[in-house]
Amino acid sequence: MKGTNRKMTQGSLMRLEELRSGFRGTDQYIDFLAKEETIRRILEMKEEKDVLILGHNYMEPLIYQISGEGERGDSLALSKYAAKARNPIILFDGVRFMAETAKILNPEKKVLIADLEAGCSLADPFGAKDVLEYRARYPEAPVVTYINSYAEVKAESDYCCTSANALDVVKHAASESGSERVVFLPDSFMGENLQKELVKEGSNIDLIYPGKKDNKFGSCIVHEKISAVDIRVIRRQFNLPKGGNDTAVLVHWECKPEVLDVADMYGSTSEMIRYVSSHPELKRVYLGTECEMSANLANEFPQVEFIRSCMVHCPHMRKITLDKILYSLENEVYEVNVPEQIRVKALGAIERMIAI
Ligand code: 13P
Ligand code: SF4
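Residues numbered from 1 in each chain as written. Chains lettered and ligands numbered in written order. Predicted model: local features only at pLDDT ≥ 70, side-chain atom pairs only at ≥ 80, totals over all residues. Heavy atoms only, no water.

A.B. asks: Would you mind going over empty space enclosed by the protein with me for this structure?
C.D. replies: Space left empty within the atom packing is revealed by a probe, the size of a water molecule, rolled over the atoms. Scanning the model with the defined rule gives 2 cavities of 30 Å³ or more in all. Approximately 260 Å³ is the volume attributed to the largest cavity. As for the largest cavity, its lining consists of 27 residues, of which Y58, M98, N148, E254 and M317 are closest to the centre. Every element with two or more residues in the lining of the largest cavity is listed here: α5 (75-84) and α6 (96-105). Of the residues belonging to the lining of the largest cavity, the class tally is 14 nonpolar, 11 polar and 2 charged. (1 Å grid on protein atoms, 1.4 Å probe; cavity = no way out; pocket = protein on both sides within 12 Å on 5 of 7 lines; lining within 4 Å. Points joined across faces, edges and corners; volume = space filled by probe spheres on them. Helix = DSSP H or I, 4+ residues; strand = E, 2+ residues; numbered from the N terminus. Nonpolar A, V, L, I, M, F, W, Y, C, P; charged D, E, K, R; others polar.)

In structure tokens form, the structure reads like this:
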């Protein structure tokens, strides 16, 4: 291993050593040692080719840590980092709709993803024609589309939103258009959750989402697996009382409404992270979301015990592996492209979101 280090630049060598000391003593140290050569090559490629490697909160720890501060986060943060990128190449460690968003914001840059088949159960079944159907049914209503969608869908929408800003975007869309009715696509559970939140706030907005007035349906295959019964069982088994002083159950907006009802807090992935970091009294936490996020947070907050329920894995996120990342970087393959006409229209919806 020492001989190979000679070729490394100062920056990538330092990062490798930072990762080594960060993983030492954690559950992933053996994995780090086993994959050290691949990680070393990825860091070299990153520096040599001046690549911005963006990492979603759901990446497994060895991949997540390759991206530094200001390069990892939730969908909203990653879109903002992508919008400011100066590097000629962006490699997205996340799923394809996320990489596509980076490409929409950076048409002149090469945007790579380690596996072009990394889809999403919300984005995959939903096409531009579905948006047009809702538009025809509710011509007065602005259309807000969740970022978990492909460019052709964003292109037909008025606004894009993420789980971190959906409520603000919906309210903004209503006041800007003067319509009390707003279409929200394609997540049925999140639509229902947002509608409940609007009612709680005393808003008159009538949110139209798949399943409310039709028999369409959109959901995340990870979050829909979590039930309110699961949460109650976890609370009992791991002594996580509702409203506990030093414990918390945090769940994602994409969970079912009855799951949000029994949680202590709900939000986007980064909002959950901020909740943990702003509550230093926490000793035990369950995150109702992709299981790898708990592994990442366990490294960041060693004083907190994270209860992990690892039936909750996203098969799309798991397609991104260190070996595929290295292959993509070395050969500059698995490029994400968006036809220019669609890109320009989709950019409008994303820029309107970023402006809010
Ligand atoms: P966030 O925007 O909260 O990171 O969520 C993305 C996602 O795919 C959740 O399943
Ligand atoms: Fe899509 Fe769910 Fe996977 Fe997120 S966790 S990428 S919403 S399938």
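Past the structure itself, the notes keep going.
A.B. asks: Just to check I follow, could you spell out the environment of K283 for this structure?
C.D. replies: Checked against the element boundaries, K283 lands in the loop between α13 (269-277) and β11 (284-288). You can call K283 partly exposed: its relative accessible area is 49%. Spatially, the C-alpha atoms of K283 and F301 are 9.7 Å apart, while their sequence positions differ by 18 residues. Residues in contact with K283, not counting those within four places in the same chain, are D246, Q303, V304 and E305. (Buried < 20%, exposed > 50% of the residue type's maximum accessible area, 1.4 Å probe, protein only. Contact = heavy atoms within 4.5 Å.)

A.B. asks: I tried to follow the sheet that holds β11 on my own but got confused; where do I start?
C.D. replies: Pairing between the strands of a sheet is mediated by backbone hydrogen bonds and can be parallel or antiparallel. Reading across from one edge, β10-β9-β11-β12 is the order of the 4 strands in this open sheet, with parallel pairing throughout. The sheet is open, and its two edges are formed by β10 (265-267) and β12 (305-307), each paired on a single side. With direction set aside, neighbouring strand axes in the sheet form an average angle of 25°. The sheet contact formed by strand β9 (residues 247-252) and β11 spans 5 bridges and is parallel. Within the sheet, the bridge partner assigned to T247 lies in β11 and is R284. The strands touched by helix α11 (residues 228-237) are β9, β11 and β12; relative to β9, the strand with the most contacts, the crossing angle is about 160°. Contacting β11 and β12, helix α14 (residues 291-300) crosses the sheet at an angle of about 175° to β12. (Pairing = 2+ DSSP bridges. Axes fitted to C-alpha atoms, helices over the stretch in contact; angles between N-to-C directions.)

A.B. asks: Where do I start with the layout of surface pockets in this structure?
C.D. replies: If you add up the space inside the largest pocket, you get close to 380 Å³. Along the walls of the largest pocket sit 18 residues, with R72, G73, Y81, S270 and R274 positioned nearest its centre. Secondary-structure elements contributing two or more residues to the lining of the largest pocket are β2 (72-73), α5 and α13. It is α13 that contributes the most residues to the lining of the largest pocket, 5 residues altogether. Grouping the amino acids of the lining of the largest pocket by side-chain chemistry returns 6 nonpolar, 5 polar and 7 charged.

A.B. asks: Even after reading the chapter, I still don't get the site of ligand 2, so can you show me in this structure?
C.D. replies: Y58, V95, C120, S121, L122, N148, C220, V222, E254, C314 and M317 make up every residue found near ligand 2. Assessed atom by atom at 2 Å from the grid points, ligand 2 resides in the largest cavity. Tallied by class, residues from the shell around ligand 2 come to 8 nonpolar, 2 polar and 1 charged. (Near = heavy atom within 4 Å. Sits in = over half its atoms within 2 Å of the grid points.)

A.B. asks: Looking at this structure, how should I read the site of ligand 1?
C.D. replies: Around ligand 1 sit H56, Y58, D74, S75, N148, S163, H223, H252, E254, S268 and T269, and those are all the residues in its vicinity. One of the side-chain nitrogen or oxygen atoms of H56 is found 2.7 Å away from an oxygen atom of ligand 1. Within the side chain of E254, one N or O atom sits 2.9 Å away from an oxygen atom of ligand 1. Here ligand 1 has 300 Å² of accessible area as a free molecule, and 96% of this is covered by the chains. The site holding ligand 1 turns out to be the largest cavity. Considered class by class, the residues forming the shell around ligand 1 number 1 nonpolar, 8 polar and 2 charged. (Polar contact = N/O pair within 3.5 Å; in protein donor to acceptor, adjacent residues only side chain to side chain. Areas by Shrake-Rupley, 256 points an atom, 1.4 Å probe, with all protein chains shown as cover.)

Bear in mind that shape data such as this cannot, by itself, settle questions of function.
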